[in-house]
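Each chain, letter by letter, is given below.
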Amino acid sequence: MVDASTPILIFDSGVGGLTVYDALQPLLPQAPVIYAADLAGLPYGSKTEAQIAARVAGLLGRMAERFRPRLVCIACNTASTIALGMVREVLEVPVVGTVPAIKPAAALTKTGTIGLIGTEATIRQAYVDRLEAEFANGTRLLRIAAPAFVSLAEAKLRGKPVDLAPVQAIAEQLRAMPGGKAIDTLVLACTHFPLLADELTAVFRPEVALVDGAQGIARRIVHLLEGQDFARHGPNRFVVTGPVTAAEGLDNALAARGFGPVEAF
Ligand code: DGL
């Protein structure tokens, strides 16, 4: 039986995984969580598959040894679509990934045209091709990379104002793609993007429904941990790779979510 104080480890390159944390927290309020942000490796989206796989597998191996989590959630689409299988092979605890929410989007679209925004690395993955073939057969899936949104979301959580221009630019590029005007559903295939929900809503709504996987991932975690006890002693932990100064400005966002002071991994 797992000890009640054993943590859940949530991992992302930056603050994006907080969207999964936000969905999970109300479902398991007593669960001790360690959130690990690989700020020294951010952004993943512009890296190669080999770089991402080596980094994620290596870091999660070391983190699993140090923190002894009961479950690991890779709260990053880029890392999951590239390294999920590899990480599962080396860790002895359940590993939950975050993959683009193409299945729910396909169930939702009425026009049959879905947009998908993710990082450069995510949108070129065979994993996404497979999800498209399995769940979006018969619909048109238009993919576009929106790497600027990652830094926008990081800045927003540090209390900086968000410039809408990059969001408008992506909307225009999507609509200019063949068939793009018919998009009625948009998959947010990067965990950072729901942090820009207000900005995305301002630009895409009401014609376009926004879909992300955070709620589904949270429910999956709850299901896998069914029957386990949870006892949190003290605040949840927020750990970063590299210098803790990279997390400067996040204090309010972290305190509001019940985290203690930023720690170095
Ligand atoms: N949050 C990550 C994702 O879901 C991407 C951010 C990055 O480029 O590092 O894909």
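The text that follows walks through the structure, step by step, so that each part is easy to find. (Residues numbered from 1 in each chain as written. Predicted model: local features only at pLDDT ≥ 70, side-chain atom pairs only at ≥ 80, totals over all residues. Heavy atoms only, no water.)

## With respect to the site of the ligand
Counted only if it meets this: We call a residue near a molecule or strand when any one of its heavy atoms sits within 4 Å of it. Any pair of N or O atoms that falls within 3.5 Å is considered a polar contact. Within protein, one atom must be able to donate a hydrogen and the other to accept it, and sequence-neighbouring residues count only if both atoms are side-chain atoms. Only protein atoms enter the 1 Å grid used here, on which a cavity is any set of points holding a 1.4 Å probe that cannot leave and a pocket is any open set flanked by protein within 12 Å on both sides along at least five of seven lines; residues with an atom within 4 Å of a point are listed as lining. Molecule-in-pocket calls rest on the fraction of atoms, with more than half required to lie within 2 Å of the cavity or pocket grid points. Ten residues, namely Ala, Val, Leu, Ile, Met, Phe, Trp, Tyr, Cys and Pro, are considered nonpolar, four, namely Asp, Glu, Lys and Arg, are considered charged, and the remaining ones, Gly among them, are considered polar.
Around the ligand, a shell composed of 14 residues is seen, among which Ser13, Tyr44, Asn77, Thr78 and His192 lie nearest. One of the side-chain N or O atoms of His192 is found 2.8 Å from a nitrogen atom in the ligand. The pocket occupied by the ligand, as judged from atoms lying within 2 Å of grid points, is the second largest cavity. For the shell around the ligand, the residue count by class is 6 nonpolar, 7 polar and 1 charged.

## A short note on the side chain of Gln125
Rule in force here: In this description a helix means any DSSP run of H or I spanning at least four residues, a strand means any run of E spanning at least two, and both kinds are numbered starting from the N terminus. Burial classes: relative accessible area under 20% of the type maximum marks a residue as buried, over 50% as exposed, and values in between as partly exposed (1.4 Å probe, protein chains only).
One can find Gln125 in the loop between helix 5 (120-123) and helix 6 (126-135). For Gln125, a relative accessible area of 9% corresponds to the buried category. At 2.8 Å, the side chain of Gln125 and the backbone oxygen of Ala121 are in polar contact.

## Thoughts on the pairing of strand 5 (residues 113-118)
In plain terms, the rule: A pair of strands is labelled paired if DSSP reports no fewer than 2 bridges between them.
Buried residues dominate strand 5, accounting for 6 of its 6 residues. Of the two faces of strand 5, the one holding Thr113, Gly115 and Ile117 and the one holding Ile114, Leu116 and Gly118 are both buried throughout. Bridge analysis of strand 5 against strand 6 (residues 140-145) gives 6 bridges, and the strand direction is parallel. Note on strand 6: the bridge partner recorded for Gly115 is Leu142.

## Details of empty space enclosed by the protein
Under the convention used in this document: Grid points are joined across faces, edges and corners, and a volume is the space filled by probe spheres set on the points.
Applying the stated criterion across every chain yields a total of 2 cavities of 30 Å³ or more. Volume-wise, the largest cavity comes out at about 90 Å³. Looking at the lining of the largest cavity residue by residue, the classes come out as 9 nonpolar, 5 polar and 1 charged. Together, 13 residues line the second largest cavity, and Ser13, Thr78, Thr119, Cys190 and His192 are the ones closest to its centre. For the lining of the second largest cavity, the residue count by class is 6 nonpolar, 6 polar and 1 charged.

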